[in-house]
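# Structural features, examined
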Amino acid sequence: VVLDFYSSIHRKNPFGAIHAFMRAFPRGDEPVSLLIKTSNCVDFPEDFRALVRLAHSDARITIIDAVLSSPKQRGLIASADALISLHRSEGFGLVLAESMALGKVVIATGWSGNTEFMSRANACLIDYSLVPVEGHQYPHALGARWAEPDLDQSANLMRNLAEGRFDSTNLVIAAQLSVASQLNPAKIANDLILAIDRLRH
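Below you will find a few notes about this structure. Remember, it's a predicted structure, so these values are computed and weren't measured experimentally.

Empty space within the largest pocket amounts to approximately 620 Å³. Lining the largest pocket are 22 residues, and of these Ser33, Leu34, Ala80, Asp81 and Ala82 sit closest to its centre. For the lining of the largest pocket, the residue count by class is 18 nonpolar, 2 polar and 2 charged. Approximately 420 Å³ is the volume attributed to the second largest pocket. Where the lining of the second largest pocket is concerned, the elements lending two or more residues are β1 (2-4), α1 (9-12), α2 (14-24), β2 (34-39), α4 (70-78), β4 (82-85) and α5 (94-101). Top contributing element to the lining of the second largest pocket by residue count: α5, with 4 residues. For the lining of the second largest pocket, a count of residues per class yields 12 nonpolar, 7 polar and 7 charged.

This part takes up unusual backbone geometry. One non-glycine residue, asparagine 40, lies in the positive phi region at around 65°. Position of asparagine 40 relative to the elements: it lies in the loop between β2 and α3 (45-55). Of the residues examined, asparagine 40 reaches a relative accessible area of 24% and is grouped as partly exposed. Non-glycine residue serine 112 carries a positive phi angle of around 95°. Assignment of secondary structure puts serine 112 in the loop between β5 (105-109) and β6 (124-126). Take serine 112: its relative accessible area is 22%, and that puts it in the partly exposed class.

About the cut-offs
Residues numbered from 1 in each chain as written. Predicted model: local features only at pLDDT ≥ 70, side-chain atom pairs only at ≥ 80, totals over all residues. Heavy atoms only, no water. 1 Å grid on protein atoms, 1.4 Å probe; cavity = no way out; pocket = protein on both sides within 12 Å on 5 of 7 lines; lining within 4 Å. Points joined across faces, edges and corners; volume = space filled by probe spheres on them. Nonpolar A, V, L, I, M, F, W, Y, C, P; charged D, E, K, R; others polar. Helix = DSSP H or I, 4+ residues; strand = E, 2+ residues; numbered from the N terminus. Buried < 20%, exposed > 50% of the residue type's maximum accessible area, 1.4 Å probe, protein only.

Printed below as a string of structure tokens:
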């Protein structure tokens, strides 16, 4: 799990990832761990305390709060088996795309901006229900809705992956090919040129 507290902890929803992890591995002695990489916690002390309280209920969960360089963050992702993002909404999803490019299984809510380049063919997309955004969760939330990911489905995927009952080989290959073809600089530049041309005419 990777999040910046300035991006809204309720939107990024690390709490959901923790609950799914504990459902997936309820005994407490399974040889697994969950790393939550955060940044800028100092400006959101109440949210950070809530996250720490929940994480401390399972000794296998670690929180690291630090601003890392891009190479160091990619190295951290490369050392993991999978990336999980049970977000309620997403903008572009840069960390998800980077994880796919690095050949990692990505378990993510199948809703919002990340679905522009993620599908069930290249990622583990989680089902969801659309729910109202509560006023304290996000600015300008009046009348808005976002996704509440299915934690049981997330837990099943995490458990199957950890126990080797899920062959991710084809998924990872498809993910790398998707990122290379859809998100390469030449294609993005061409898409931008076409979009600008359409606005001009």
